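# Fold and contact review
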Amino acid sequence: MEKRTKQRTCIECRKTDSKQQFIRIVRTPEGLVEYDPTGKANGRGAYVCSLACLEKALQTRKFDRALRVSVDKEKYEQLAQDVMSDVLD
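Report on the accompanying structure. The structure displayed is predicted, hence computed values, not measured ones.

So, how was this worked out
Residues numbered from 1 in each chain as written. Predicted model: local features only at pLDDT ≥ 70, side-chain atom pairs only at ≥ 80, totals over all residues. Heavy atoms only, no water. Pairing = 2+ DSSP bridges. Helix = DSSP H or I, 4+ residues; strand = E, 2+ residues; numbered from the N terminus. Buried < 20%, exposed > 50% of the residue type's maximum accessible area, 1.4 Å probe, protein only. Polar contact = N/O pair within 3.5 Å; in protein donor to acceptor, adjacent residues only side chain to side chain. Contact = heavy atoms within 4.5 Å. Expected span 1.5 Å × (residues − 1). Arc of directions from axis to C-beta. Salt bridge = Lys/Arg side-chain N within 4 Å of Asp/Glu carboxyl O.

Bridge count for strand E3 (residues 23-27) against strand E4 (residues 33-36) is four bridges, and the pairing is antiparallel. In the sheet register, arginine 27 faces E4, and the bridge partner there is valine 33. Taken together, E3 and the strand that follows it, E4, pair antiparallel across an intervening segment of five residues, in which glycine 31 is found at a positive phi of about 95°.

Following this line, the structure appears as structure tokens:
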């Protein structure tokens, strides 16, 4: 029997795909919001499918709702830098 892969949904454009195709932002149990390049960090995750969706989600503060936490502007800027540096490497 074939193993099913779980589908994830982009919080911005609502596209669904496998977990490996997305960029994951996680709220850790300590309440910190971080970029999760491995996709395995403990905590509540939110997914975006592309850098364009990441930028839109940051502008519209969709991570606040998806992660159920208030994220300040400096943290949003840090997330964008972390993702960009990882994707461009």
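What follows deals with the side chain of aspartate 64. Among the secondary structure elements, aspartate 64 is positioned in helix H2 (residues 62-67). Residue class for aspartate 64 comes out buried when judged on its relative accessible area of 17%. Only 3.2 Å separates the side chain of aspartate 64 from the backbone nitrogen of valine 71, close enough to count as a polar contact. Side-chain polar atoms of aspartate 64 contact the side chain of tyrosine 76, separated by 2.7 Å. What aspartate 64 contacts, discounting residues up to four positions off in sequence, is Val69, Ser70, Val71 and Tyr76.

Moving on, we come to the side chain of glutamate 12. Along the chain, glutamate 12 falls in the loop between strand E1 (7-9) and strand E2 (16-18). Not counting the four nearest positions on each side in its chain, glutamate 12 is found in contact with Cys53, Lys56, Ala57, Thr60 and Lys62.

Glancing now at helix H3 (residues 73-88). Taking 1.5 Å of rise per residue, the 16 residues of H3 would be expected to cover 22 Å, and the 23 Å separating its terminal C-alpha atoms lies within 8% of that figure. By the burial criterion, the buried members of H3 are Tyr76, Leu79 and Val83. When H3 is viewed along its axis, its buried side chains cluster within an angular range of 60° and face the same direction. Opposite the buried face of H3, by more than 90 degrees, sit the exposed residues Glu74, Gln81 and Leu88. As for H3, its buried residues are in contact with E3, E4, helix H1 (51-59) and H2.

What follows covers the pattern of salt bridges. Counted by the stated rule, this structure contains three salt bridges. Between aspartate 36 and arginine 24 there is a salt bridge, with the nearest N and O atoms lying 2.6 Å from each other. Remark: arginine 24 occurs in strand E3 and aspartate 36 occurs in strand E4; sequence separation between them is 12 residues. Since its relative accessible area comes to 5%, aspartate 36 is described here as buried. Exposure remark for arginine 24: the relative accessible area of 7% places this residue in the buried category. In this structure, aspartate 64 and arginine 61 form a salt bridge, with 3.0 Å as the shortest nitrogen-oxygen distance. Owing to a relative accessible area of 32%, arginine 61 belongs among the partly exposed residues under this scheme.

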